[in-house]
Amino acid sequence: MTKLDVRRRCALRWNHALVPNALRNVQDVRKMTNEFIIRRSDDMRAEITSPTHRFVVDLIARECSCNRWTLTGMPCSHATALIQEIRGLDIVEFIDPCYYTEAYLATYELRVNPLMDRQLWEHVELGYTVLPPMSRRPRGRPKKNRIKDPNEAKRTKRMHKCSRCGNWGHHKSSCKESLQAIEAQGTQALPKQPRKQQPKRRANNKKTTSTPGTVEGSQPHVKGGNQSAVGVSSQG
């Protein structure tokens, strides 16, 4: 609603018969006609020669062999050169009416009526309930991904950086660079730290390292005597 009103009020300030974009295009095309050579066959037909190509212009049929006039509705540079060559012709007469200011005003002359708040709407009893349309579930597994537009830009895959060698495109687990190459590049690659091994539990019975019949850390057993006798004999 607001856009229609803004464009209509802007068009009321235009003084020329053409819209500003069409008028700007005509001024740009007139600057390109200095290098053309015009060879007229009659009053409304001519052969226009440029430094690289040659075209045929017919003002009665409003056509040019370059087909730009037919596609856009505005005279091309070749047709403009012939129109300027003939005295009494105005280029505005050969432009499609859709580029006129009157056509622009006619496009936006309609108004959109303003709408009051929903709470002020008049409540109407229809006498029946509008149900959703009858639908049947299609065969097959339902799609999870939405249908993308053919002109929609595809999302690029995210690149991963390896924390081992510093290169892009792979992870540390799949890195194939050698340590010599990594050290030559001067990357901050740290070697993998070994896991701390927990000490194994020892058995209750200690292993003996002395002769059979003796236990490590204990005195040998002597038959027929006591410990005091053994200590005295050892001192003597």
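Residues numbered from 1 in each chain as written. Predicted model: local features only at pLDDT ≥ 70, side-chain atom pairs only at ≥ 80, totals over all residues. Heavy atoms only, no water.

Under an unreviewed UniProt entry, the protein chain has the name SWIM-type domain-containing protein and belongs to Acorus calamus.

Student: With reference to specific residues and values, describe the overall build of the protein chain.
Tutor: Along the backbone of the protein chain there are seven helices and four strands. Listing the helices and strands of the protein chain from first to last along the sequence gives α-α-β-β-β-β-α-α-α-α-α. Counting over 236 residues, the protein chain shows a buried share of 18%. Partitioning the contacts of the protein chain with sequence separation of at least 6, the portion at a separation of at least 24 is 41%. Counting every atom, the protein chain has about 21900 Å² of accessible surface; 51% of that belongs to carbon and sulfur. (Helix = DSSP H or I, 4+ residues; strand = E, 2+ residues; numbered from the N terminus. Buried < 20%, exposed > 50% of the residue type's maximum accessible area, 1.4 Å probe, protein only. Contact = heavy atoms within 4.5 Å. Areas by Shrake-Rupley, 256 points an atom, 1.4 Å probe, with all protein chains shown as cover.)

Student: Describe the confidence of the model for the protein chain, listing the residues and the values that go with them.
Tutor: Per-chain confidence: the protein chain averages 79 in pLDDT, with 78% of residues scoring 70 or above. Confidence drops under a pLDDT of 50 for residues 187–193, and excluding neighbours within four residues, the segment shows five contacts in the predicted structure. (pLDDT = per-residue confidence, 0-100.)

Student: Describe the UniProt feature "domain: CCHC-type" (unreviewed entry) in the protein chain, listing the residues and the values that go with them.
Tutor: Residues given the UniProt feature "domain: CCHC-type" (unreviewed entry) here are residues 161–177. Helix makes up 0% of residues 161–177 and strand 0%. Its end C-alpha atoms lie 13 Å apart. (UniProt positions renumbered as here; feature names shortened; annotations may be inferred.)

Student: Can you explain the nonpolar core? Please cite residues and give values.
Tutor: Counting residues in hydrophobic clusters, the biggest one holds 23 residues, and the most contacted among them are Leu18, Val26, Ile48, Val57, Leu59 and Leu82. Listing elements by their share of this core, those giving two or more residues are helix H2 (20–30), strand S2 (45–49), strand S3 (54–58) and helix H4 (77–85). Examining the composition of this core, we find that four residues originate from one element, H4, more than from any other. Other than its neighbours up to four places away in sequence, leucine 82 contacts Ile38, Arg40, Met44, Arg45, Ala46, Ile48, Val57 and Leu59. (Core = buried A, V, L, I, M, F, W, Y, C linked by side-chain atoms within 4.5 Å.)

Student: Describe H4, and please don't skip the residues or the numbers.
Tutor: Quick reminder: α-helices carry 3.6 residues per turn. Residues three or four places apart thus point the same way. Counting buried positions over the nine residues of H4 gives seven, a clear majority of the element. For H4, the full list of buried residues reads Ser77, His78, Ala79, Thr80, Ala81, Leu82 and Ile83. At its buried positions, H4 is contacted by H2, strand S1 (37–40), S2, S3, strand S4 (63–64) and helix H3 (68–72).

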